[in-house]
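# Structural overview for review
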Amino acid sequence: MSIGAEEGPHHGPAEDATGPSALVALAVRRERERLGLTASDLAKRAGLSKSTLSQLEAGNGNPSIETLWGLAGVLGVPVSRLIEPPRQGVTVVRAGQGATVRAEQSDYAATLLATCPPAARRDIYRLVVQPGQPHESQPHRPGTVEHLLLCQGRALAGPIGSAVELSAGDFISYPADVPHLFAAREPDTSAMLIIETI
């Protein structure tokens, strides 16, 4: 499983500081330095050549999920810590976008949408909503975040005043400790909602 954009793996240098290869490069270097390991130490412990690790830390690598698992194990972090961009107030991942890892032997791709911080709890809901009056929610307890994957239809979702138009396959993550809404734009709009509380 290798990391890259949904349309295919990326083999050249990172295009920008937020591309998948650049995120992995920054995260591996950050976690390695946190533990006080040299590149040689990390490469040896993870069973990689030093040149492979150097390429990866330069943002030129295309690591498989197996490589990421090996590095994460040595670094003592979940794989998601190596591929997830820093959390923002509102995060939208459009269908076909996001940090995607692929299997080496099968046609299997997994796109990371969000991770769960330590000590957090998540409740998962399936929504089926019809057009009409938007569903407006009062603020939940401080620190609550909602993650919503639109499965079918179109919708407006997010904090009131900065809600985002979504199509099927789009993902949004937003603070839910402020007033927020969900408004279906088509009949039988459906979504998966995860409410994360700390």
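These notes cover the structure that comes with them. (Residues numbered from 1 in each chain as written. Predicted model: local features only at pLDDT ≥ 70, side-chain atom pairs only at ≥ 80, totals over all residues. Heavy atoms only, no water.)

### Here we look at the overall build of the chain
A count of helical and extended segments in the chain gives five helices and 13 strands. Scored against the burial criterion, the 198 residues of the chain give a buried share of 40%. A separation threshold of at least 6 residues defines the contact pool for the chain, and within that pool the share at least 24 residues apart is 70%. As displayed, the chain offers around 10400 Å² of accessible surface, 54% of which is attributable to carbon and sulfur atoms. (Helix = DSSP H or I, 4+ residues; strand = E, 2+ residues; numbered from the N terminus. Buried < 20%, exposed > 50% of the residue type's maximum accessible area, 1.4 Å probe, protein only. Contact = heavy atoms within 4.5 Å. Areas by Shrake-Rupley, 256 points an atom, 1.4 Å probe, with all protein chains shown as cover.)

### Side note on the environment of Pro63
Inspection of the secondary structure assignment puts Pro63 in the loop between helix 3 (50–57) and helix 4 (65–75). For the pair Pro63 and Ser21, spaced 42 residues apart in sequence, the C-alpha to C-alpha distance is 8.5 Å.

### Topic: the sheet that holds strand 7 (residues 135–137)
Overall, antiparallel pairing links the four strands, which are arranged 7-12-9-10 in an open sheet. In the strand order of this sheet, the two ends are held by strand 7 and strand 10 (164–167), each with one partner. Along the sheet, successive strands turn relative to each other by an average axial angle of 20 degrees, direction set aside. With four bridges connecting them, strand 9 (residues 154–159) and strand 10 associate as antiparallel partners. By the bridge assignment, Leu156 is partnered in strand 10 with Glu165. (Pairing = 2+ DSSP bridges. Axes fitted to C-alpha atoms, helices over the stretch in contact; angles between N-to-C directions.)

### Some details on helix 4
Here helix 4 has its buried residues at Ile65, Thr67, Leu68, Leu71, Ala72 and Leu75. Buried residues along helix 4 cover an arc of 155 degrees about the axis, so they all sit on one side. In helix 4, the exposed positions that point more than 90 degrees away from the buried face belong to Trp69 and Gly73. Looking at the packing, one finds that the buried side of helix 4 touches helix 1 (20–34), helix 2 (39–46), helix 3, helix 5 (80–83) and strand 4 (99–102). Gly76 lies just past helix 4 and shows a positive phi near 70 degrees. (Arc of directions from axis to C-beta.)

### What about the sheet that holds strand 8 (residues 145–152)?
The strand order 3-11-8-13-6 describes an open sheet built from five strands, whose pairing is antiparallel. This sheet does not close on itself; its edge strands, each paired only once, are strand 3 (91–93) and strand 6 (121–129). Here the strands of the sheet are splayed against their neighbours by 15 degrees on average, with no regard to which way each runs. Summarising the sheet, strand 8 and strand 13 (residues 189–197) pair through seven bridges and their orientation is antiparallel. Across the sheet, the residue bridging to Leu148 is Leu193, located in strand 13.

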